[in-house]
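Tertiary structure, described
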Amino acid sequence: MNNRISKKARQLLVTSISLACVLILILSTWTGDNARAQSGLNNASIQGVYAAFSPAEVRATINGSVLSVATFDGQGNWSSSMLRNTHGSDQQRKLESLSSFGTYDLENNGMGTAISLTQSVTGAISEAGFDFVITHIEERAGVKIATEFYALPRLSSTGKPAGVIFKRRPDQASLTNGGLQGTYALTYFVGSNESAGLGTLVFNGDGGILNGQLLANTASPQTGISNLSSFSCVFPCLIGQGEEEERQINVSLAGGSFSVQSDGTGTMTIILTSTSEPPSEMIFDILITKAESTTNVITELIALQQESEGNSGGLRTFFLTRISD
């Protein structure tokens, strides 16, 4: 009898332990899922200093751009300074220095909204709404930090959408002339694909552009005359009306100077020389968009030409990426 009771007691004990283990497993699983849910994206995910600029497709369609340095506090508030480069009139650009501030709200799924209050040079304040989505994150000390996001304003002065890309700078970044060194590849478009170009520039880390080469792809004086004997189909064909048109290719040597400010803005002067044309000078406003966190070496920057390009008043914007020391 005692043996039977002991056996039942042992069975009850084993059953109780098993149920307890299952309960613990369920609780731990729920706690883990809940902890993961709580560690998702929120306002704290956007904090620090971000460089903001218009992507290439915007510059090609609305012929304008913005260079901005924005600071987010991780609690739903932000402020920024910006340089806006827009089309003023034929053969003239319009440069405006503006400041903005506002609020933002980031959802767990990576999408969010923001309100911007911008003060113009006259002191008038305008309000605009933005929608944005996080495009890249890094996890730091258990917090997901947005290193890149893309925003679309809900207002448009041109009737076309004008996106803005935000890229986070390293914490306590020390941006100086010394960070701009090595060889950088550059690409650009002007206006609605009026012209384009590519090339390289070599910066010395001490305010000088040692050398470079710029290839400009512009409309040919013989545009409209078809070259039916050759087709550019090594790459995917981009044929408009069924016929290829000749383009004019000009290659120039480049030199010049630059200056980087501590906030990641600055200026750059490029002097182009070629055998077919007299030397020409171009002045750009620059914005550092990416730098290495340990060395502060600048790896990406964007540059807006202050003056008009050609007879169209178009905006020439260089996007530069570091490719070697």
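Residues numbered from 1 in each chain as written. Predicted model: local features only at pLDDT ≥ 70, side-chain atom pairs only at ≥ 80, totals over all residues. Heavy atoms only, no water.

**Brief notes about the overall build of the protein**
Filter applied, for reference: Helix and strand definitions here come from DSSP, where helices need a minimum of 4 consecutive H or I residues and strands a minimum of 2 consecutive E residues; each element is numbered from the N-terminal end. Each residue is placed in one exposure class: buried if its accessible area under a 1.4 Å probe, protein chains only, is under 20% of its type's maximum, exposed if it is over 50%, and partly exposed if it falls in between. Two residues qualify as a contact provided that any one of their heavy atoms is within 4.5 Å of a heavy atom in the partner residue. Per-residue accessibility takes into account occlusion by the displayed protein chains alone, with areas from the Shrake-Rupley method and a 1.4 Å probe.
A count of helical and extended segments in the protein gives two helices and 16 strands. A buried classification covers 39% of the 325 residues belonging to the protein. Residue pairs in contact within the protein that sit at least 24 positions apart in sequence constitute 49% of those at least 6 positions apart. Per element, the accessible surface of the protein, about 18,100 Å² overall, is 56% carbon and sulfur.

**Topic: the packing of aromatic side chains**
Threshold: Stacked, tilted and edge-to-face are the three classes applied to pairs of Phe, Tyr and Trp rings, where Trp contributes its six-membered ring and a pair requires centres within 6.5 Å; stacked means planes under 30 degrees apart, edge-to-face means over 60, and tilted covers the rest.
Scanning all chains against the criterion turns up 13 aromatic pairs. Taking 5.3 Å as the distance between ring centres and 75° as the angle between the ring planes, the aromatic pair formed by Phe72 and Tyr104 counts as edge-to-face. On the criterion of sequence distance, the pair formed by Phe72 in strand β2 (residues 65–73) and Tyr104 in strand β4 (residues 92–106) is long-range, its members being 32 residues apart. On the basis of relative accessibility, which here comes to 5%, the residue Tyr104 falls in the buried class. Site record: aromatic cluster; members linked through ring pairs are Tyr50, Phe72, Trp78, Tyr104, Phe132, Phe149 and Phe166.

**Here's the deal with the sheet that holds strand β14 (residues 280–291)**
Short version of the rule: Note on pairing: DSSP must find at least two bridges between two strands before they are called paired. Throughout, an axis means a line fitted to C-alpha atoms (over the contacting stretch in the case of helices), and angles, computed between N-to-C directions, take values from 0 to 180 degrees.
The eight strands are arranged β9-β10-β11-β12-β13-β14-β15-β16 in a closed barrel whose pairing can be described as antiparallel. Neighbouring strand axes in the sheet, compared pairwise and without regard to direction, differ in orientation by 30° on average. Bridge count between β14 and strand β15 (residues 298–305): seven bridges; the pairing is antiparallel. Within β15, the residue paired with Leu287 across the bridge is Ile302.

**What about unusual backbone geometry?**
One non-glycine residue, Gln172, adopts positive backbone phi at about 50°. Locating Gln172 in the fold gives a position in the loop between β8 (164–168) and β9 (181–190). The exposure class assigned to Gln172 is exposed, which follows from its relative accessible area of 82%. Positioned with a positive phi, Asn296 is a non-glycine residue whose angle comes to about 65°. Assignment of secondary structure puts Asn296 in the loop between β14 and β15. For Asn296, a relative accessible area of 18% translates into the label buried.

**Focus on the layout of surface pockets**
What counts, and what does not: Points on a 1 Å grid over protein atoms alone make up a cavity when a 1.4 Å probe fits among them but cannot get out, and a pocket when they form an open set with protein on both sides within 12 Å along at least five of seven lines; lining residues each have an atom within 4 Å of a point. Grid points are joined across faces, edges and corners, and a volume is the space filled by probe spheres set on the points. When residues are sorted by character, Ala, Val, Leu, Ile, Met, Phe, Trp, Tyr, Cys and Pro go into the nonpolar class, Asp, Glu, Lys and Arg into the charged class, and all the rest, Gly among them, into the polar class.
Counted as a void, the largest pocket has a volume near 1,100 Å³. Around the largest pocket, the lining is made up of 47 residues, and of these Val66, Met82, Arg84, Phe130 and Pro153 lie nearest the centre. Broken down by element, the residue count for the lining of the largest pocket peaks at six residues, all from strand β3 (residues 77–89). Within the lining of the largest pocket, the residues separate by chemical class into 25 nonpolar, 18 polar and four charged.

**Quick word on the nonpolar core**
Defined as follows: Remark: nonpolar core denotes a set of buried residues (Ala, Val, Leu, Ile, Met, Phe, Trp, Tyr, Cys) joined through side-chain atoms within 4.5 Å.
By size, the foremost hydrophobic cluster in this structure holds 27 residues, and its most contacted members are Leu201, Phe203, Met268, Ile270, Phe318 and Leu320. At the level of elements, β9, β10 (195–204), β11 (208–219), β12 (247–260), β13 (265–273), β14, β15 and β16 (317–324) are the ones that each hand at least two residues to this core. The biggest single contributor to this core is β14, with five residues. Setting aside chain neighbours within four positions, we find Met268 in contact with Leu201, Phe203, Ile209, Ser257, Phe258, Met282, Ile283, Phe284, Ile286, Ala303 and Phe318. Counting residues in each nonpolar core, the second largest holds 18 residues, with Ala70, Phe72, Ala114 and Ile145 among its members.

**Structural notes on the pairing of β15**
A large share of β15 lies buried, amounting to eight of its eight residues. From the end of β14 to the start of β15, which pair antiparallel, there are six residues, and Asn296 there has a positive phi angle of about 65°. The pairing of β15 with β16 spans five bridges and is antiparallel. Looking at the pairing, Leu301 lines up with Leu320 of β16.

**Regarding the pattern of salt bridges**
In plain terms, the rule: Any carboxyl oxygen of Asp or Glu within 4 Å of a side-chain nitrogen of Lys or Arg constitutes a salt bridge here.
Scanning the entire structure with this criterion turns up eight salt bridges. Notably, a salt bridge pairs Asp325 with Arg322, separated by 2.7 Å at the nearest N-O pair. For Asp325, a relative accessible area of 75% corresponds to the exposed category. One network of salt bridges, with partners in common, ties together Glu138, Arg140, Arg168 and Asp171.

**Quick word on the confidence of the model for the protein**
Detailed reading of the predicted model is not advised wherever pLDDT is low. Definition in use: pLDDT is a residue-level measure of predictor confidence that goes from 0 to 100.
Of all residues in the protein, 78% have pLDDT values of 70 or greater, and the mean over the chain is 82. In this model residues 22–39 is a low-confidence stretch, pLDDT under 50, and it forms three contacts with partners more than four residues away in sequence or in other chains. Considering only residues more than four positions removed or in separate chains, one finds that residues 223–232, a stretch of pLDDT under 50, has 13 contacts.

**A look at the pairing of strand β6 (residues 125–140)**
Both strand β5 (residues 111–119) and β6 contribute to a ladder of nine bridges, which runs antiparallel. Along β6, the bridge assignment pairs Ser116 with Ala128. Linking β5 to β6, which pair antiparallel, is a turn of five residues; within it Gly123 sits at a positive phi near 100°. Pairing of β6 with strand β7 (residues 143–153), which is carried by 10 bridges, proceeds in the antiparallel orientation. Bridge pairing links Phe130 to Pro153 in β7. Counted along the chain from β6 to the antiparallel partner β7, the turn is two residues long, and its residue Ala141 has a positive phi close to 55°.

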